[in-house]
Amino acid sequence: MATVSIENLKKNFGRTKVIHGVDIDIADGEFIVIVGPSGCGKSTLLRMVAGLETVTEGEVRIDGARVNEKEPMDRDIAMVFQNYALYPHMTVFENMAYGLKIARRPKAEIAERVNAAAKLLQLEPYLARHPRELSGGQRQRVAMGRAIVRKPAVFLFDEPLSNLDAKLRVQMRLEIRQLQRELGVTALYVTHDQVEAMTLADRMIVMNAGRADQIGAPLDVYADPATEFVAGFIGSPPTNFLPAEATGTAAPAGTKVGIRPEHVKIAQSSGRIRGTVLYTEALGAETLVHLRLAGRDLLTVRQDGTATAPPEGTEVGVDWDDDRQMFFSPDGNRLQNEAALRPGRA
């Protein structure tokens, strides 16, 4: 177990700047999720911690020791990749034991560690099998077992569940979280899936175009997004954004108002604004009602699945509480004087 410190970390590929300075101190045993869309720099950030990418500027420290110049094998880390990276000609036992064998650990110690990890991961019946004889979830467990037997100070996960189907992803993310808590190891986990980030993280780093737009506990980030990007990325379905003048506010020109779909309701009267129902999605426990507003903007209402949804083509009013509004400046940053931007209804 170890602390990890990332200080003003930057990465350039030639003249192209891809990481613009990220800072975070990670506590011993903390589970950090780095989340963001494709191309935002999340995997590059993880690979710099791992030593697979050189650092252009800044420092990476593990347990207080600078590791910028250290090779990956000397950083006391273990990494689990998206494609599992298993050796097809080796058995499960041999794949899990390979790193210890290269490190010239005694055979008895290797067997003890592999068998203990196999028991933990419920892989004991498969130790003599080859990767081609395993399911995707079992291969992912083998990849995790190979990391566990090394007893690293830090676990690094690079989108480890991307190749699995939806049901198995839910199961595996629960297993990863339980495993991390049981081992008490510090973990950094990269994903583009904000549901994974919300369910796994103690804290998450929301990456946007090479910058950490926000760092915080999942529910804090959801409830109090720092930027328009974070408000739109975290939460499903995503936040509605409208021109602020459409809500009857006295906001400066170019300001947007954000309202999460679950905070919008179909109005019994005229409502704050009006729109036409484009289509509805009945998902069982909830129903999504998608509207086209007069200004051509789209708006989604998330309502209980037992509530009657208005028919397509119907004009309806929508409403929300003022304290559910979030205001964003033209540059995408959250405005801090939101109370002054809520004078009433249109």
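Note: the structure precedes this text.
Residues numbered from 1 in each chain as written. Predicted model: local features only at pLDDT ≥ 70, side-chain atom pairs only at ≥ 80, totals over all residues. Heavy atoms only, no water.

Enquirer: Would you mind showing me how to read the sheet that holds strand β1 (residues 4–13) here?
Expert: In a beta sheet, neighbouring strands pair by backbone hydrogen bonds and run either parallel or antiparallel. Pairing is antiparallel across the open sheet formed by four strands, whose spatial order is β2-β1-β4-β5. The open sheet has two edge strands, β2 (16–26) and β5 (65–66), and neither has a second partner. Here strand β4 (residues 57–62) runs beside β5; their pairing, made up of two bridges, is antiparallel. Bridge pairing in β5 links Arg-61 to Arg-66. (Pairing = 2+ DSSP bridges. Helix = DSSP H or I, 4+ residues; strand = E, 2+ residues; numbered from the N terminus.)

Enquirer: Explain the pairing of β4 to me, please; I cannot follow it from the model alone.
Expert: Successive residues of a regular strand alternate their side chains across the two faces of the sheet. Direction of pairing for β1 relative to β4: antiparallel, over a ladder of five bridges. Across the sheet, Lys-10 pairs through a bridge with Glu-57, a residue of β4.

Enquirer: Quick question: what am I supposed to make of helix α1 (residues 42–50) here?
Expert: Every α-helix carries 3.6 residues per turn, so stepping three or four residues along brings you back to the same face. Counting buried residues in α1 gives seven out of nine residues, a clear majority hidden from the surface. Backbone geometry just after α1 places Gly-51 at a positive phi near 90°. (Buried < 20%, exposed > 50% of the residue type's maximum accessible area, 1.4 Å probe, protein only.)

Enquirer: Please explain the packing of helix α2 (residues 92–102) against helix α3 (residues 107–120) as it appears in this structure.
Expert: How two helices pack is summed up by the angle between their axes together with the distance between the axes. It is the contact of α2 with α3, at a shortest axis distance of 10 Å, that shows an interaxial angle of 135°. One element, α2, and the other, α3, form an angle in the oblique class. Note that α2 runs across α3; the crossing there is right-handed. Facing Phe-93, Met-96, Ala-97, Leu-100 and Lys-101 of α2, the residues of α3 in contact are Ile-110, Ala-111, Arg-113, Val-114, Asn-115, Ala-117 and Ala-118. Within the contact of α2 with α3, the residues separate by chemical class into nine nonpolar, one polar and two charged. (Axes fitted to C-alpha atoms, helices over the stretch in contact; angles between N-to-C directions. Parallel < 35°, antiparallel > 145°, perpendicular 65-115°, else oblique. Left-handed = near helix turned anticlockwise from the far one by under 90°. Contact = heavy atoms within 4.5 Å. Nonpolar A, V, L, I, M, F, W, Y, C, P; charged D, E, K, R; others polar.)

Enquirer: Could you clarify how one ought to interpret the pairing of strand β14 (residues 273–282) in this entry?
Expert: Here β14 pairs with strand β17 (residues 315–319) via four bridges, running antiparallel. If you follow Gly-275 over to β17, its bridge partner there is Val-316. Where β14 lies against strand β15 (residues 286–293), seven bridges are found, and the strand directions are antiparallel. Across the sheet, the residue bridging to Val-277 is Leu-291, located in β15. The turn joining β14 and β15, which pair antiparallel and follow one another in sequence, is formed by three residues; a positive phi near 100° is taken by Gly-284.

Enquirer: Explain the packing of aromatic side chains to me, please; I cannot follow it from the model alone.
Expert: Pairs of aromatic rings are described using the distance from one ring centre to the other and the angle between the two planes. Counting across every chain of the model gives six aromatic pairs. Each ring, one from Phe-229 and one from Phe-233, has its centre 5.6 Å from the other, and the planes form 10°; the classification is stacked. Taken together, the positions of Phe-229 and Phe-233, both in helix α8 (residues 228–233) and four residues apart, correspond to about one turn of that helix. By the ring-pair criterion, three or more aromatic residues cluster together here, those being Phe-31, Phe-155, Phe-157 and Tyr-189. (Phe/Tyr/Trp six-rings, centres within 6.5 Å; stacked < 30°, edge-to-face > 60°.)

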